[in-house]
Amino acid sequence: MEENFIFAGFGGQGVLLAGKILANAFMLEGKNVTWYPCYGAEMRGGTVNCEIVVSNDEVSSVHKKDTDFAIVLNQLSFDKFISRVKAGGTIIANSSLVKILKPRSDIKYIFAPITEMAQKLGEIKTANIVALGVLASACHQLTTESLHKALEYVLPAHRKYLLPLNLEALKSGFDALAVAG
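The following refers to the structure shown. Residue numbers here run from 1 along each chain, matching the order of that chain's written sequence. Per-residue local features are limited, in this predicted model, to residues with pLDDT of at least 70; the limit for side-chain atom pairs, both in listing and counting, is 80 or more; totals at the level of whole chains, interfaces and linings are taken over all residues. Processing note: side-chain calculations cover all non-hydrogen atoms of the structure and skip hydrogens and water entirely.

### Examining the sheet that holds strand β3 (residues 47–55)
Item 1. One requirement defines pairing of two strands: DSSP has to find at least two bridges between them. Put simply, DSSP H or I for four residues or longer makes a helix, DSSP E for two residues or longer makes a strand, and each gets a number counted from the N terminus. One open sheet holds the six strands; their spatial order is β2-β3-β1-β4-β5-β6, and the pairing between them is mixed. Looking at the sheet topology across the chains shown, the edges are occupied by β2 (32–39) and β6 (108–112). The average angle at which neighbouring strand axes cross in this sheet is 15°, direction not considered.
Item 2. Pairing analysis gives four bridges linking strand β1 (residues 3–10) to strand β4 (residues 67–72), with the strands arranged parallel. Bridging across to β4, Phe7 finds its partner in Ile71.
Item 3. Should any heavy atoms of two residues lie within 4.5 Å, those residues are considered in contact. Inter-axis angles, ranging from 0 to 180 degrees, are taken between N-to-C directions of lines fitted to C-alpha atoms, where helices are fitted over the stretch in contact. Strands in contact with helix α1 (residues 15–28) are β1, β2 and β3; relative to β3, the strand with the most contacts, it is inclined by about 5°.
Item 4. Set on the sheet, helix α4 (residues 127–139) makes contact with β1, β4, β5 (85–94) and β6; between it and β4 the angle comes to about 150°.

### Examining α1
Item 1. For α1, with 14 residues, the first-to-last C-alpha span of 20 Å sits near the 20 Å given by 1.5 Å per residue.
Item 2. When we look at burial in α1, the residues that qualify are Val15, Ala18, Gly19, Ile21, Leu22, Ala23, Asn24, Ala25 and Phe26.
Item 3. Looking at the buried residues of α1, the elements they touch are β1, β2, β3, α4 and α5 (144–154).
Item 4. Remark: Gly30 follows α1 within two positions and exhibits a positive phi of approximately 85°. The span one expects for a helix is its residue count, reduced by one, times 1.5 Å. Three labels apply to residues, based on accessible area from a 1.4 Å probe with only protein chains included: buried if under 20% of the type maximum, exposed if over 50%, partly exposed otherwise in between.

The following block contains the structure:
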């Protein structure tokens, strides 16, 4: 069975890094994966997204019309990608930057204060990893162990010192959804 994920936000929020971590975590679980980044010429502040397609079999295509999960870190991304969530799919939105609205009745909404959670950890730049934790708690087919290993693999050598903080951010996101129900 194939599942599709969109991770979106502003440039500088670590969207592409989070997508790489997610793709690598699925690969560590033996899945076939594609990762497709999309960003404009702008750097920080412009819109950025990536799509991850995961399957037990060969992945049929990279760019899908509909997605099972959209993880959006800002209002612009929420507005842009909510229409791409398939009926029965889930949108995970950063309620620190996204208005809590539910314009569709055929999808599941998860609003989490992702930026605020990252700030409580002392580093706003961990918001992308907090979001991965929320996703891991919501999608039930991704283990935190695989995400831990993927984080270790994807973080460059000069950033390895950030691994403990990122693991704490991942746990914070995972636990937040478990507590919220």
